[in-house]
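Spelled out, the chains give:
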Protein chains: 2
Amino acid sequence: MKRYGQIIKVKPEYLEKYKALHANPWPQINEKIKECKIQNYSIYYRDGFLFSYFEYVGDNFEEDMKRMAEDEWTRSWWKETDPCQEPVASAKEGEWWAGMEEVYHLD
Amino acid sequence: MKRYGQIIKVKPEYLEKYKALHANPWPQINEKIKECKIQNYSIYYRDGFLFSYFEYVGDNFEEDMKRMAEDEWTRSWWKETDPCQEPVASAKEGEWWAGMEEVYHLD
């Protein structure tokens, strides 16, 4: 299992929409996430930032993420959520959610 | 089980010290954290922010946190780590790590 922590900004005018979408996510989205071997996935908000924590239990993260990005329901979902978000200033070219560095872990 | 996401800033000049401390935490600190019913505890860093995610499996969070704060090893540890950190601007009076709002969770 590999843990991931990621950060992105949420545009203030889209915060309520983003929260409403995630309070009742489409079942197909949750199913696809699980199918792509992600579990214990949480997103937190404060001060304009979204932080995500999840655990990947597959053996080819890139392949599973590619599979997710090709899913029709997921593409429709991202059409709703992408306009709500904005990568952090330090994000690399093409990076959406930006990876954070794990500095501590205790099981 | 209750999940917590929290945020705090790390002072740039103390980042390396903070990371070094957490790369090799004192065993007494990890033991006390577990004893206070916290598990699956991760801290992530990016762009001056620290994000923590942990799971509380006890039944009295305030009491367990009070017990942790009274522990001698923990107090010594915090003497090392507190100068590295700075609460976010929106933190309440007396709030150190600031609580984030969970906007999404998938088991």
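See the structure above.
Just so it is clear, the structure is predicted and the values come from calculations on it, not from any experiment. (Residues numbered from 1 in each chain as written. Chains lettered and ligands numbered in written order. Predicted model: local features only at pLDDT ≥ 70, side-chain atom pairs only at ≥ 80, totals over all residues. Heavy atoms only, no water.)

1. Comments concerning the relation of the copies chain B and chain A
Once chain B has been moved 0.0 Å along the axis and rotated by 180°, it coincides with chain A to within an RMSD of 0.0 Å. Those values place the two copies in the arrangement expected of a two-fold rotation axis. A share of 100% of the interface residues of chain B reappears at the interface of chain A, consistent with the copies meeting face to face through the same patch. (Least-squares fit on C-alpha atoms with pLDDT ≥ 70 in both. Contact = heavy atoms within 4.5 Å.)

2. Topic: the packing of helix α2 (residues 27–35) of chain A against helix α4 (residues 72–81) of chain A
Residues and elements named next belong to chain A. It is the contact of α2 with α4, at a shortest axis distance of 9 Å, that shows an interaxial angle of 120°. By crossing handedness, the relation of α2 to α4 is classed as left-handed. For the pair formed by α2 and α4, the contact residues are Gln 28, Ile 29 and Lys 32 on the first element and Trp 73, Thr 74 and Trp 77 on the second. Among the residues making up the contact of α2 with α4, the classes are represented as three nonpolar, two polar and one charged. (Axes fitted to C-alpha atoms, helices over the stretch in contact; angles between N-to-C directions. Helix = DSSP H or I, 4+ residues; strand = E, 2+ residues; numbered from the N terminus. Left-handed = near helix turned anticlockwise from the far one by under 90°. Nonpolar A, V, L, I, M, F, W, Y, C, P; charged D, E, K, R; others polar.)

3. Here we look at the pattern of salt bridges
Residues and elements named next belong to chain B. Applying the stated criterion to the full structure yields 22 salt bridges over all chains. The salt bridge involving Lys 17 is made with Glu 80; its shortest N-O contact spans 2.9 Å. One end of the pair, Lys 17, is in helix α1 (residues 15–23); the other, Glu 80, is in helix α4 (residues 72–81), and 63 residues separate them in sequence. Relative accessible area serves as the criterion here: at 35%, Lys 17 is assigned to the partly exposed category. (Salt bridge = Lys/Arg side-chain N within 4 Å of Asp/Glu carboxyl O. Buried < 20%, exposed > 50% of the residue type's maximum accessible area, 1.4 Å probe, protein only.)

4. As for the interface of chain B and chain A
Every contact between the two is made by 40 residues of chain B and, on the other side, 40 residues of chain A. Regarding the contact of chain B and chain A, the summed buried area is about 3,600 Å², with carbon and sulfur atoms giving 57% of it. Among the residues chain B hides against chain A, the three largest losses belong to Tyr44(B), Arg46(B) and Tyr104(B). Together they make up 24% of the total. Across the chain B-chain A interface, the total number found is four salt bridges. For Glu101(B), the salt bridge identified is with Lys19(A), shortest N-O distance 2.9 Å. At the surface where chain B touches chain A, the tally comes to 31 residue pairs in polar contact (both at pLDDT 80 or more). Counting residues per element, the ones that place at least two in the side of chain B that touches chain A are β1 (2–10), α1, α2 (27–35), β2 (38–46), β3 (49–56), β5 (98–99) and β6 (101–106) of chain B. In terms of residue count, β2(B) provides more of the side of chain B that touches chain A than any other element does, eight residues in total. Tallied by class, the residues present in the side of chain B that touches chain A amount to 21 nonpolar, nine polar and ten charged. (Buried area = accessible area lost by both parts, 1.4 Å probe. Polar contact = N/O pair within 3.5 Å; in protein donor to acceptor, adjacent residues only side chain to side chain.)

5. A closer look at α4(B)
All names here are of chain B. Every buried residue of α4 is accounted for by Thr 74, Trp 77 and Thr 81. The buried residues of α4 all sit within an arc of 60° when viewed along its axis, so they share a single face. For α4, the exposed residues set more than 90 degrees away from the buried face come down to Glu 72 and Lys 79. (Arc of directions from axis to C-beta.)

6. Some remarks on the pairing of strand β1 (residues 2–10) of chain A
Residue and element names in this part refer to chain A. Within β1, seven of the nine residues are buried, leaving the element largely enclosed by the surrounding structure. In this structure, β1 lies alongside strand β3 (residues 49–56), joined through eight bridges in antiparallel fashion. Along β3, the bridge assignment pairs Ile 8 with Leu 50. Note: β1 against strand β4 (residues 85–86), two bridges, orientation antiparallel. The partner of Lys 9 across the bridge, within β4, is Glu 86. (Pairing = 2+ DSSP bridges.)

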